[in-house]
Amino acid sequence: MQNTFPKAKILEIDLTDHKMETRILDGEIYRLYPGGSALGMYLMLQEMKPGIDPLSPENMLIFSVSAVTGLPISGQSRMVITTKSPLTGTAGDSQAGGYMPAHIKANGYDSIIFRGRSEKPVYVYIDGDRIEFRDAKNVWGKVTGEAEAIIKQELGEDRVEIAQIGPGGENLVKYACILNMCNRANGRNGVGAVMGSKNLKALVVKKGKAMKPADPENFKTLTKDVKDRIAHNVAIEGLGKHGTDGELEGTNHEGYLITDNWKKGYFPDAQKITGTTMSESILIGRETCYACAIRCKRVVEVQGKVDPFYGGPEYETCATFGSYCGNSNLESIALANQLCNMYGIDTISCGATISFAMECYEKGLLTEKDTGGLEIKFGNSDVISILIEKIAKREGIGDLLAEGSYRAAQKIGKGAQALSMSVKGQEMPAHNPQFKQSLAVIYAVNPFGADHQSSEHDVFLMMPTDSPERKRLGLIGCTEGYDDYSVLDDGKVLLAVNSQRFYSALDTLCLCQFVWGPAWQLYGPEELLQMCRFGIGWDISLNELMRIGERRINLMRYFNAREGFSSKDDQLPERLFEPLPDGPAKGAHVDKEKFEAAKKKYYELAGWGHGTGNPTVSTLKNLQLEWLLEK
Amino acid sequence: MIIKANNNTIHVPASITVRALLKELNYKEPVAVWINGEQVFLQDYDARLVKQNDSVRLVRIISGG
């Protein structure tokens with residue numbers, strides 16, 4: 001088998017001058033940064049100066065797929081958007097699935113860079129080498145569903161995929177997202193606000209032809225038994241049946257479901273909002289991404305209230321608009337999900353910011369004078385949809401909450417900062433580090449803020465030694481098993497470091513972490529290497545894969561260092577160090593001393609200076625990143 | 001009958017299915033189950049019986065998403 005690497009085709013679009021050009025990145029370079037935000041960061045660090053305003057024309061907005069996107073196998077159709085985040089000020093990274101990623105690749109592009117700012121709102125239409133700037137006056141201000149219909153009508157073309165912002169992005173909500181299919185979100189880090197700042201309403205791509213594997217016969221060995229693979233994987237089969245929200249009730253049962261803005265870990269009404277309840281009530285169908293067999297996406301309907309067009313809520317959405325807000329009304333959660341997808345807002349940061357506001361209100365830090373008469377109390381399901389609209393339109397209290405809980409807390413003062421459950425300015429997702437202690441480290445050190453999809457979670461180290469999950473984890477050097485998930489020791493730090501590198505490689509290759517991964521997923525590390533070999537003729541080793549992941553993390557961390565970030569920013573909200581007050585996990589907390597020791601160990605294993613938390617010169621050189629030092 | 005569940009010796013009704021055992025122990029799905037080291041697949045939870053002196057390993061699958 002040949003061991004060459006494909007070249008990358010980069011489309012560069014200047015929105016200020018409405019000019020575009022393409023360039024080819026040599027295979028030797030692409031192999032080091034083979035897609036996603038590794039490629040995005042490589043491109044950004046080539047030219048972008050530190051210290052720029054993320055919402056200025058100087059910021060870059062980069063849509064990237066990867067060398068393996070579009071292959072006919074589950075879990076390969078994802079795209080990553082890289083930029084400087086307006087929410088965190090760090091490297092920004094946000095990922096989504098759907099059909100769009102495969103069709104970006106089918107049009108011949110690995111990466112699409114947007115620079116500058118258009119004088120008037122536009123959308124960009126790509127049909128192979130034909131690229132058009134289109135006036136967006138008819139869609140600016142429209143919610144995503146309306147805009148999609150208008151764009152298709154204007155183009156006279158149904159066979160397109162559209163990634164767009166809603167009014168949230170237009171109004172520069174700090175956690176605005178970019179949606180494709182009106183229900184697949186590049187949700188985190190405020191990438192939609194950057195798109196809005198550029199007066200770019202949408203990126204539209206014509207659907208193209210499927211990509212063929214380099215070695216079709218051997219490639220089929222990975223796909224032909226997919227039904228059996230699903231039937232013999234408890235986690236994956238459950239994921240298909242009940243979606244990501246299937247785990248909500250189990251999390252609550254353990255006593256770690258985020259409740260009332262992280263004050264508690266037990267929500268008595270959790271059963272009303274869990275995935276099985278959704279399946280038995282408002283679920284009307286399951287959706288999928290390009291070529292994926294799992295079909296984990298939810299499609300829900302509430303007659304006269306929630307339109308199935310906008311999909312259905314994930315676990316994160318059910319938690320943030322549910323238990324975070326003390327809300328057990330599943331229909332209101334489905335409506336919140338729809339509104340966020342219509343207005344283009346990240347459900348995690350939005351729900352978490354509303355729960356923050358609820359605690360501020362109950363503590364008297366926000367009054368009815370501030371809220372325009374709204375009773376923003378835990379459990380008030382009616383107020384959630386009202387607040388989402390106000391946030392998207394930046395009306396009244398919504399203007400404050402559109403800044404996210406971290407900035408809102410600074411403006412409110414009076415101790416509100418302690419109630420913002422955020423890291424580097426981004427609200428924490430619904431996986432509790434008091435439960436999965438390795439996440440305490442990951443949430444703190446992850447370059448783009450707390451993220452639950454950047455490493456493997458602790459529970460899989462509790463499985464039997466000879467289970468497939470443990471065997472896979474052993475391949476990436478995580479061999480120590482545990483009977484108690486709440487331990488935070490060197491073995492857990494090793495899980496954090498090694499699985500973060502593996503997940504980082506997945507993010508680089510734009511692979512779904514439910515399908516590909518180092519533990520419970522449909523395909524493990526060995527099959528991933530085979531997919532690269534049979535798919536594009538890339539004779540990759542696990543070592544090369546792990547180094548790709550490590551390189552991406554260090555690119556981001558280096559970017560952050562230029563912006564003034566260091567170990568001082570690798571902190572967790574104080575509330576995580578306090579014992580849970582009640583429920584099955586009463587008393588559980590993150591031990592501060594162990595956390596600090598774990599961070600120290602993490603820096604040591606990562607090759608980052610303990611004092612700075614940033615990559616050392618030797619680490620950069622070891623990862624073939626010495627060119628950064630010459631910039 | 002007596003079984004071992006996660007190294008704890010417990011009493012459960014005789015001839016209990018995996019699904020019923022999860023309910024008996026108040027486990028909310030998704031849960032991965034091994035009986036005497038052999039994993040039971042989701043499709044078999046209603047049919048597979050747990051027997052006297054079986055050693056059962058139960059791990060809640062709570063990960064990303």
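Residues numbered from 1 in each chain as written. Chains lettered and ligands numbered in written order. Predicted model: local features only at pLDDT ≥ 70, side-chain atom pairs only at ≥ 80, totals over all residues. Heavy atoms only, no water.

### Section: the overall build of chain A
When helices and strands are counted, chain A shows 25 helices and 16 strands. In terms of overall size, chain A behaves like a compact globule, its C-alpha atoms giving a radius of gyration of 23 Å where 631 residues would be expected to give roughly 25 Å. Viewed in the frame of its principal axes, chain A has a C-alpha envelope of about 65 × 60 × 50 Å. Expressed as a percentage of its 631 residues, the buried residues of chain A come to 68%. Excluding contacts between residues fewer than 6 apart, the proportion of contacts in chain A whose partners are at least 24 apart in sequence is 68%. Total accessible area on chain A is roughly 20400 Å²; 47% of this is exposed by carbon and sulfur atoms. Looking at chain A, you have 72 positive and 81 negative side-chain charges, and the mean spots of the two groups are 3 Å apart. (Helix = DSSP H or I, 4+ residues; strand = E, 2+ residues; numbered from the N terminus. Rg over C-alpha atoms; globule rule 2.2 N^0.38 Å. Buried < 20%, exposed > 50% of the residue type's maximum accessible area, 1.4 Å probe, protein only. Contact = heavy atoms within 4.5 Å. Areas by Shrake-Rupley, 256 points an atom, 1.4 Å probe, with all protein chains shown as cover. Lys, Arg positive; Asp, Glu negative; His and termini not counted. Charge placed at Lys NZ, Arg CZ, Asp CG, Glu CD.)

### Points about the pairing of strand 2 (residues 19-25) of chain A
Where strand 1 (residues 8-14) of chain A and strand 2 of chain A come together, 7 bridges link them in antiparallel fashion. The residue of strand 2 of chain A that forms the bridge with K9(A) is I24(A). (Pairing = 2+ DSSP bridges.)

### A look at the pairing of strand 9 (residues 160-164) of chain A
Residue and element names in this part refer to chain A. Among the 5 residues of strand 9, 5 are classified as buried, and the element is accordingly described as predominantly covered. Of the two faces of strand 9, the one lined by V160, I162 and Q164 and the one lined by E161 and A163 are each fully buried. In this structure, strand 9 lies alongside strand 10 (residues 178-180), joined through 2 bridges in antiparallel fashion. Along strand 10, the bridge assignment pairs A163 with N180.

### Overview of the environment of Y45(B)
Within the secondary structure layout, Y45(B) lies in the loop between strand 5 (38-40) and strand 6 (49-50). The buried category is assigned to Y45(B), whose relative accessible area is 0%. Along the primary structure Y45(B) and P30(B) are separated by 15 residues, whereas in three dimensions their C-alpha atoms are 11 Å apart. Once you skip the residues sitting within four places of it in the chain, Y45(B) turns out to touch V234(A), T17(B), V18(B), R19(B), L22(B), V31(B), A32(B), V33(B) and V40(B).

### Section: the interface of chain A and chain B
With 36 residues of chain A at the contact, the number on the chain B side is 22 residues. For the chain A and chain B pair, buried surface summed over both sides reaches about 2400 Å², with 61% attributable to carbon and sulfur atoms. For the pair chain A and chain B, the number of links is 2 salt bridges. Here chain A is connected to chain B by 4 residue pairs in polar contact (both at pLDDT 80 or more). Mapped by element, the contributors of at least two residues to the side of chain A that touches chain B are helix 9 (234-242), helix 10 (248-254), helix 12 (315-320) and helix 20 (468-475) of chain A. (Buried area = accessible area lost by both parts, 1.4 Å probe. Salt bridge = Lys/Arg side-chain N within 4 Å of Asp/Glu carboxyl O. Polar contact = N/O pair within 3.5 Å; in protein donor to acceptor, adjacent residues only side chain to side chain.)

### Quick word on helix 20 of chain A
By the burial criterion, the buried members of helix 20 of chain A are E469(A), R470(A), R472(A) and L473(A). End-on, the buried residues of helix 20 of chain A take up no more than an arc of 160°, which puts them together on one face. For helix 20 of chain A, the elements touching its buried residues are helix 21 (490-508) and helix 22 (525-536) of chain A together with strand 4 (31-35) of chain B. Looking at the residues trailing helix 20 of chain A, positive phi occurs at G477(A), about 90°. (Arc of directions from axis to C-beta.)

### What to know about helix 21 of chain A
Its 19 residues give helix 21 of chain A an end-to-end C-alpha distance of 27 Å, which sits within 8% of 27 Å, the value for a rise of 1.5 Å per residue. Burial analysis of helix 21 of chain A places 17 of its 19 residues in the buried class, which makes it a mostly covered element. (Expected span 1.5 Å × (residues − 1).)

### Let's talk about the sheet that holds strand 11 (residues 184-186) of chain A
Sheets are built from strands paired through backbone hydrogen bonds, the pairs being either parallel or antiparallel. Residue and element names in this part refer to chain A. Taking strand neighbours across the sheet as the criterion, the 6 strands line up as 8-7-12-9-10-11 in an open arrangement whose pairing is mixed. In this open sheet, the two edge strands, each paired with only one partner strand, are strand 8 (130-135) and strand 11. This sheet shows a mean twist of 20° between the axes of neighbouring strands, independent of strand direction. Of the strand pairs in this sheet, strand 7 (residues 122-127) and strand 12 (residues 200-206) are connected by 5 bridges, and their pairing is parallel. Bridge pairing in strand 12 places Y125 opposite V204. In the packing of helix 4 (residues 144-155) onto the sheet, the strands contacted are strand 7, strand 8, strand 9, strand 10 and strand 12, and the crossing angle to strand 9 comes to about 135°. (Axes fitted to C-alpha atoms, helices over the stretch in contact; angles between N-to-C directions.)

### A word on the sheet that holds strand 2 of chain A
All names here are of chain A. Strand order in this open sheet of 6 strands is 2-1-6-3-4-5, and the pairing throughout is mixed. Looking at which strands have only one partner, the edges of the open sheet turn out to be strand 2 and strand 5 (91-96). Ignoring which end each strand starts from, the neighbouring axes of this sheet average 20° apart. As judged from the 3 bridges shared by strand 3 (residues 61-64) and strand 4 (residues 79-84), these two strands associate in the antiparallel manner. Among the inter-strand pairings, F63 is bridged to a residue of strand 4, identified as I81. On the sheet, helix 2 (residues 36-47) packs against strand 1, strand 2, strand 3, strand 4, strand 5 and strand 6 (111-115) and is oriented at approximately 30° with respect to strand 4.

### Section: the pattern of salt bridges
Residues and elements named next belong to chain A. What the rule picks out here adds up to 46 salt bridges over all chains. Put simply, K84 and E563 hold a salt bridge, and the shortest N to O gap is 2.7 Å. Residue K84 is located in strand 4, and its partner E563 is located in the loop between helix 23 (542-562) and helix 24 (592-606); the two are separated by 479 residues in the primary sequence. With relative accessibility at 5%, the residue K84 sits in the buried group. For R552, the salt bridge identified is with D507, shortest N-O distance 3.5 Å.

### Considering the nonpolar core
Of all hydrophobic cores here, the largest spans 119 residues; its most connected members are F63(A), I112(A), F114(A), I354(A) and I388(A). Per element, the largest residue contribution to this core is 9 residues, and it comes from helix 13 (residues 330-343) of chain A. Apart from residues no more than four positions distant in its own chain, I388(A) is found in contact with F321(A), A336(A), L339(A), C340(A), I345(A), C350(A) and I354(A). Listed in part, the 109 residues of the second largest apolar core include M48(A), Y482(A), A5(B) and Y27(B). (Core = buried A, V, L, I, M, F, W, Y, C linked by side-chain atoms within 4.5 Å.)

### Digging into the confidence of the model for chain B
Residues with a pLDDT of 70 or more make up 95% of chain B, whose mean pLDDT is 89. The ipTM value of the predicted complex is 0.78, and its pTM value is 0.96. (pLDDT = per-residue confidence, 0-100.)

### Quick look at the packing of aromatic side chains
Residue and element names in this part refer to chain A. This structure, assessed with the given rule, holds 16 aromatic pairs over all chains. Here the aromatic rings of Y33 and Y42 are separated by 4.4 Å at their centres, their planes lie at 25°, and the arrangement is stacked. Neither Y33 nor Y42 differs from the other in exposure class; each is buried. Here the aromatic rings of Y602 and Y603 are separated by 6.4 Å at their centres, their planes lie at 80°, and the arrangement is edge-to-face. In this pair, the class of Y602 matches that of Y603, namely buried. A network of ring pairs unites the aromatic residues F5, Y30 and W538 as a single cluster. Over the ring of Y482 we find K492, and its NZ or CZ is 4.8 Å from the ring centre. A cation sits over an aromatic face here: K592 above F577, 4.9 Å from the ring centre. (Phe/Tyr/Trp six-rings, centres within 6.5 Å; stacked < 30°, edge-to-face > 60°. Lys NZ or Arg CZ within 6 Å of the ring centre and 35° of its normal.)

### So, the environment of C360(A)
All names here are of chain A. One can find C360 in helix 14 (residues 347-362). By relative accessible area, C360 is classed as buried at 0%. Here the alpha-carbon distance between C360 and P579, two residues 219 residues apart in the chain, equals 21 Å. Excluding anything up to four places from it in sequence, C360 contacts L365, L366, I412, A416 and L419.

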